[in-house]
Amino acid sequence: MFELKSGDKTLSLASPIVMAIINVTPDSFSDGGQHHSFEKACAQVDKVISQGAAIVDIGGESTRPGAASVSEEEELARVIPVIEYTAKNHDVWISIDTSKPQVMEQAVAAGAHIINDVRALQEPGALAMAAMLDVPVCLMHMQGQPQDMQDSPEYDNVIQQVNDFLSLRVDYCLAAGMSRENIILDPGFGFGKTLEHNYQLLAKLPELHSLHFPVLVGLSRKSMIGDLLQRDINNRLAGSLAGAMIAAQQGAQILRVHDVEETVDALTVMSATMASLHN
Ligand code: YH5
């Protein structure tokens, strides 16, 4: 049975939990600038916590396919105030979605408990920084870079290659002095994968558990839902819920989602069912 520890907090992973996505990125339809995105992100934090999120994942860099990169200064200006707000007002687990070591350091100083890195600590200095901070880290698989990862991704055996990559990153983490208890793995749905690759990974998710680490899954509203169902970004709730339930049934401990209230309800039904197995 897995649990996460950070400082004096403990988070049980005995039944699947929800990580809420909090994007702190300026929206192109507003001229409100930085303050507007801060206010919006804080309101979203309040909302998802009231809906039952166990973790809020705060990110200031868009890693969607084709998105532009963001400077360290800009990323800090976006995320640190939102982390400070959350730490001050809520008793929730806070995850920082970043690949930059300086952002990791300042985020943890501001109250973050988990590092979520889609680049699996491959940026210069990131591995040493995560080891030094001694907090749980999610290592995600990506083939290529966000700018070009969806340009015809190829694998001989996607399951094995994702497993091998994550296994190698685990070795680097342990060699850098990180504790085994601080490692979470993620197959990285949509990150350099075709629709077929994504569904192979979901179908064979239990194989990722052979490495004996908790597994985080993010497929909420992604193309693997939208392209399959021919639904635009605003009409992917049912598909995303089905994907989250399947991932949980396949043993995923953490579900990273946009639609917190609906996902918590669905997971509660699943957990009640699983609990009744033993009665
Ligand atoms: C993830 O899977 N994903 S950012 C495109 C979409 C919708 C959502 C086309 N960060 C993950 O959420 N961190 C992101 O519609 C992540 N695992 C972890 N650990 C991409 C995203 C998204 C992209």
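Residues numbered from 1 in each chain as written. Predicted model: local features only at pLDDT ≥ 70, side-chain atom pairs only at ≥ 80, totals over all residues. Heavy atoms only, no water.

Enquirer: It is not clear to me how the pairing of strand β5 (residues 93-97) should be interpreted in this structure. Could you clarify?
Expert: Consecutive side chains along a regular strand alternate between the two faces of the sheet. Along β5, five of the five residues are buried, which leaves the element largely enclosed by surrounding structure. Alternating positions in β5 separate into two faces, Trp93, Ser95 and Asp97 on one and Ile94 and Ile96 on the other, with burial throughout. Strand direction decides the pairing type here: strand β4 (residues 55-59) and β5, joined by five bridges, are parallel. What sits directly across from isoleucine 58, in β5, is isoleucine 96. Handedness of the β4-helix α2 (residues 72-89)-β5 crossover: right-handed. Where β5 lies against strand β6 (residues 114-117), three bridges are found, and the strand directions are parallel. (Buried < 20%, exposed > 50% of the residue type's maximum accessible area, 1.4 Å probe, protein only. Helix = DSSP H or I, 4+ residues; strand = E, 2+ residues; numbered from the N terminus. Pairing = 2+ DSSP bridges. Right-handed = clockwise from strand over helix to strand, strands pointing away.)

Enquirer: Any chance you could explain the sheet that holds β5 here in plain terms?
Expert: Read across the open sheet, the eight strands follow the order β8-β7-β6-β5-β4-β3-β10-β9; overall the sheet is parallel. Of all the strands in the sheet, the pair left with one neighbour each is β8 (183-186) and β9 (216-217). Taken strand by strand, helix α9 (residues 260-276) contacts β3 (17-23) and β10 (254-257), and its axis lies near 170 degrees from that of β3. (Contact = heavy atoms within 4.5 Å. Axes fitted to C-alpha atoms, helices over the stretch in contact; angles between N-to-C directions.)

Enquirer: Teacher, can you tell me more about the site of the ligand here?
Expert: In the vicinity of the ligand, 18 residues are found, and the nearest of them are Asn116, Asp186, Arg221, Lys222 and Arg256. At 2.6 Å, a side-chain N or O of aspartate 186 approaches a nitrogen atom of the ligand. In the environment of the ligand, an oxygen atom lies 3.3 Å from a nitrogen or oxygen atom belonging to the backbone of glycine 218. Taken together, the residues of the shell around the ligand break down into six nonpolar, five polar and seven charged. (Near = heavy atom within 4 Å. Polar contact = N/O pair within 3.5 Å; in protein donor to acceptor, adjacent residues only side chain to side chain. Nonpolar A, V, L, I, M, F, W, Y, C, P; charged D, E, K, R; others polar.)

Enquirer: Explanation requested: the side chain of serine 95 in the structure shown.
Expert: Within the secondary structure layout, serine 95 lies in strand β5. At 2.6 Å, the side chain of serine 95 forms a polar contact with the side chain of aspartate 57.

Enquirer: Help me understand the nonpolar core in this model?
Expert: Ranked by internal contacts, the top residues of the largest apolar core, which has 69 residues, are Ile58, Ile83, Leu121, Leu139, Val217 and Leu255. Contacts of isoleucine 83, omitting those with residues within four sequence positions, involve Ile58, Ile94, Ile96, Ala107, Ala110, Gly111 and Ala112. Formed by 13 residues, the second largest nonpolar core is a distinct cluster that contains Ala54, Trp93, Cys138 and Ile254. (Core = buried A, V, L, I, M, F, W, Y, C linked by side-chain atoms within 4.5 Å.)

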